[in-house]
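Each chain, letter by letter, is given below.
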Amino acid sequence: MQIGPYRIEPNVVLAPMAGVTDKPFRQLCKRLGAGLAMSEMTISDPRFWRTEKSLRRMDHDGEPAPVGVQIAGTEPAMLAEAARHNVAHGAQIVDINMGCPAKKVCNAWAGSALMQDEALVARILQAVVAAVDVPVTLKIRTGWCAAHRNAPTIARIAQDAGIAALAVHGRTRDQHYTGSAEYDTIAAIKAHLSIPVIANGDIDSPEKALAVLRHTGCDAVMVGRAAQGRPWIFREIAHFLATGHHLPPPSLQEIRDILLGHLQALHAFYGEPAGVRIARKHLGWYAKDRPEHHAFRALVNRADTAQEQLALTRAYFDALIAGDTHPMLAA
């Protein structure tokens, strides 16, 4: 898939997720096979650009190209200025959020709420595309609700405005993340556009990725929640799409090493105690498919320091690797 001057290979993309796709997670997913990793959304209001949270979200030092940054907001001029600001701070692709279903975002008339006003969508896209000399992409849902599934119209507006690629989540805003994603609307969008289209929603396995690509004719797939605690899903999908064969699952040793490296990156990026606190949700996701999940979470959640969190995690996995059927006792 080509986005402006950037060849996105493999054609498996990490979805932007608030509170998840920070720099440590993006770097990890890219290392494990994601062709592109979009940042969590950055607010367009300049009053908040100097906050600690925003400055961290704009930290792209050492991140492999292309650096994709998602912005969110309502006012065309403000979004255009946010795009310029982020490009000045390292963004090589600017993504506009019109897909977030969160109430606090939609109540501010941002995210997927914007899909209700097609004229405003056009003004926003035109303003942002004109503001920067890097590719601008857009993420949307299939519509605001089942009775107003206007994503095909928004998609044509986007292409006419100069958007370089479009990602579509196969749910309406009122579905949030419930029910099942539908791909017929995405297929209809792809059939009428010449720009790359990325399919998103419920892509949680190599087989599902292939099925969605075949059904929609899209150029790439976007993986979100399925990557939480399973960042190697990108190489699994990429290998399956390229060869038709499955990679062997990662060994316990590799999972241990990936997780310990991720924890260390979080501790370094956020410092203590924030890094320890933020790491807890990732630890829960890594263990979610194991029968000891709840006991493991209870164990690591009592760690108050980075050193203790790393030691408990290492001891737990070392016990599993040694064949201990009660790893919590060993930890």
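Please read all numbers here as calculations on a predicted model, not as lab measurements.

K.L.:
I keep staring at the overall build of the chain and nothing clicks. Help me out?
P.N.:
Check the secondary structure of the chain and you find 14 helices and 11 strands. Whereas a compact globule of 331 residues would reach a radius of gyration of roughly 20 Å, the chain reaches 20 Å, a difference of no more than 12%. The long-range share in the chain, meaning contacts at least 24 apart out of those at least 6 apart in sequence, stands at 68%. Across the chain, 35 positive and 32 negative side-chain charges occur, with their mean positions spaced 2 Å apart.

K.L.:
Please explain the sheet that holds strand 6 (residues 68–72) as it appears in this structure.
P.N.:
Backbone-to-backbone hydrogen bonds pair the strands of a sheet. The strands run either parallel or antiparallel. The nine strands are arranged 4-3-11-10-9-8-7-6-5 in an open sheet whose pairing can be described as parallel. The sheet terminates laterally at strand 4 (36–37) and strand 5 (42–43), the two strands that pair on one side only. Where strand 3 (residues 12–14) and strand 11 (residues 220–223) come together, three bridges link them in parallel fashion. Bridging from a neighbouring strand, Val-12 pairs with Val-221 of strand 11. Most of the contacts of helix 3 (residues 76–88) go to strand 6, to which it runs at about 155°, and overall it touches strand 5, strand 6 and strand 7 (93–98).

K.L.:
I'm lost on the packing of helix 10 (residues 252–270) against helix 13 (residues 306–321) in this one. Help?
P.N.:
A pair of packed helices can be characterised by two numbers: the angle between their axes and the separation between those axes. It is at 10 Å that the axes of helix 10 and helix 13 come closest, and there the two elements cross at 175°. As far as their axial angle goes, helix 13 and helix 10 are roughly antiparallel. When helix 10 is examined against helix 13, the residues Leu-252, Gln-253, Ile-255, Arg-256, Leu-259, Leu-260, Leu-263, Gln-264 and His-267 are found in contact with a partner set consisting of Ala-306, Gln-309, Leu-310, Thr-313, Arg-314, Phe-317, Asp-318, Leu-320 and Ile-321. Counted by class, the contact of helix 10 with helix 13 contains 10 nonpolar, five polar and three charged residues.

K.L.:
Any chance you could explain the pairing of strand 6 here in plain terms?
P.N.:
Every regular strand shows the same layout, with side chains that alternate between the two sheet faces. The buried fraction of strand 6 is high, at five of five residues. Burial of the side chains of strand 6 extends over both faces: Gly-68, Gln-70 and Ala-72 are buried on one face and Val-69 and Ile-71 on the other. Of the pairings in the sheet, the one linking strand 5 to strand 6 comprises two bridges and is parallel in character. Across the sheet, the residue bridging to Thr-42 is Ile-71, located in strand 6. Both strand 6 and strand 7 contribute to a ladder of four bridges, which runs parallel. When the sheet's bridge partners are listed, Val-69 is paired in strand 7 with Val-94. In this fold, the crossover linking strand 6 to strand 7 by way of helix 3 has right-handed handedness.

K.L.:
So what exactly am I meant to see when it comes to the pattern of salt bridges here?
P.N.:
A side chain with one charge may pair with a side chain of the opposite charge, provided their charged atoms come close. Applying the stated criterion across every chain yields a total of 11 salt bridges. In this structure, Arg-235 and Glu-254 form a salt bridge, with 2.9 Å as the shortest nitrogen-oxygen distance. Residue Arg-235 is located in helix 9 (residues 233–243), and its partner Glu-254 is located in helix 10; the two are separated by 19 residues in the primary sequence. One network of salt bridges, with partners in common, ties together Arg-171, Asp-202 and Arg-225.

K.L.:
Hey, could you run me through the side chain of His-169 in this one?
P.N.:
Secondary-structure assignment places His-169 in strand 9 (residues 165–172). Using a relative accessible area of 5% as the deciding quantity, one classes His-169 as buried. For His-169, the side chain forms a polar contact with the side chain of Asn-200, separated by 3.1 Å. Not counting chain neighbours up to four residues away, the residues in contact with His-169 comprise Lys-139, Ile-140, Arg-141, Thr-142, Tyr-177, Asn-200 and Gly-201.

K.L.:
Please explain the environment of Ile-233 as it appears in this structure.
P.N.:
With respect to the helices and strands, Ile-233 occurs in helix 9. Setting aside its immediate chain neighbours within four residues, Ile-233 contacts Asp-204, Ser-205, Val-223, Ala-226 and Ala-227.

K.L.:
Please explain the pairing of strand 7 as it appears in this structure.
P.N.:
Burial runs high along strand 7: six of the six residues are buried. One ladder, built from five bridges, connects strand 7 with strand 8 (residues 136–143); its direction is parallel. Opposite Ile-96, over in strand 8, you have Leu-138 as the bridge partner.

K.L.:
Explanation requested: helix 13 in the structure shown.
P.N.:
If you check helix 13, its first and last C-alpha atoms are 22 Å apart, about what 16 residues at 1.5 Å a residue would give, namely 22 Å. All buried positions along helix 13 are accounted for by Ala-306, Gln-309, Leu-310, Leu-312, Thr-313, Tyr-316, Phe-317, Ala-319 and Leu-320.

K.L.:
Can you help me understand the environment of Ala-37 in this one?
P.N.:
Along the polypeptide, Ala-37 turns up in strand 4. Each C-alpha atom of the pair Ala-37 and His-85 lies 19 Å from the other, and the pair is 48 residues apart in sequence. Setting aside its immediate chain neighbours within four residues, Ala-37 contacts Leu-14, Arg-26, Lys-30 and Gly-68.

K.L.:
Just checking my understanding: could you explain the packing of aromatic side chains for this structure?
P.N.:
Given two aromatic rings, their pairing is described by the distance between the two centres and the angle made by the two planes. Following the criterion strictly, the structure yields five aromatic pairs and no others. Note on Trp-232 and Tyr-286: the rings are 6.2 Å apart at their centroids and 45° apart in plane angle, and the pair reads as tilted. Of the two residues, Trp-232 is situated in the loop between strand 11 and helix 9 and Tyr-286 in helix 11 (residues 274–286); the sequence distance between them amounts to 54 residues. Through a chain of ring-to-ring contacts, the aromatic side chains of Phe-296, Tyr-316 and Phe-317 assemble into a single cluster. Sitting over the ring of Tyr-177, Arg-141 keeps its end group 5.0 Å from the ring centre.

Calculation notes
Residues numbered from 1 in each chain as written. Predicted model: local features only at pLDDT ≥ 70, side-chain atom pairs only at ≥ 80, totals over all residues. Heavy atoms only, no water. Helix = DSSP H or I, 4+ residues; strand = E, 2+ residues; numbered from the N terminus. Rg over C-alpha atoms; globule rule 2.2 N^0.38 Å. Contact = heavy atoms within 4.5 Å. Lys, Arg positive; Asp, Glu negative; His and termini not counted. Charge placed at Lys NZ, Arg CZ, Asp CG, Glu CD. Pairing = 2+ DSSP bridges. Axes fitted to C-alpha atoms, helices over the stretch in contact; angles between N-to-C directions. Parallel < 35°, antiparallel > 145°, perpendicular 65-115°, else oblique. Nonpolar A, V, L, I, M, F, W, Y, C, P; charged D, E, K, R; others polar. Buried < 20%, exposed > 50% of the residue type's maximum accessible area, 1.4 Å probe, protein only. Right-handed = clockwise from strand over helix to strand, strands pointing away. Salt bridge = Lys/Arg side-chain N within 4 Å of Asp/Glu carboxyl O. Polar contact = N/O pair within 3.5 Å; in protein donor to acceptor, adjacent residues only side chain to side chain. Expected span 1.5 Å × (residues − 1). Phe/Tyr/Trp six-rings, centres within 6.5 Å; stacked < 30°, edge-to-face > 60°. Lys NZ or Arg CZ within 6 Å of the ring centre and 35° of its normal.

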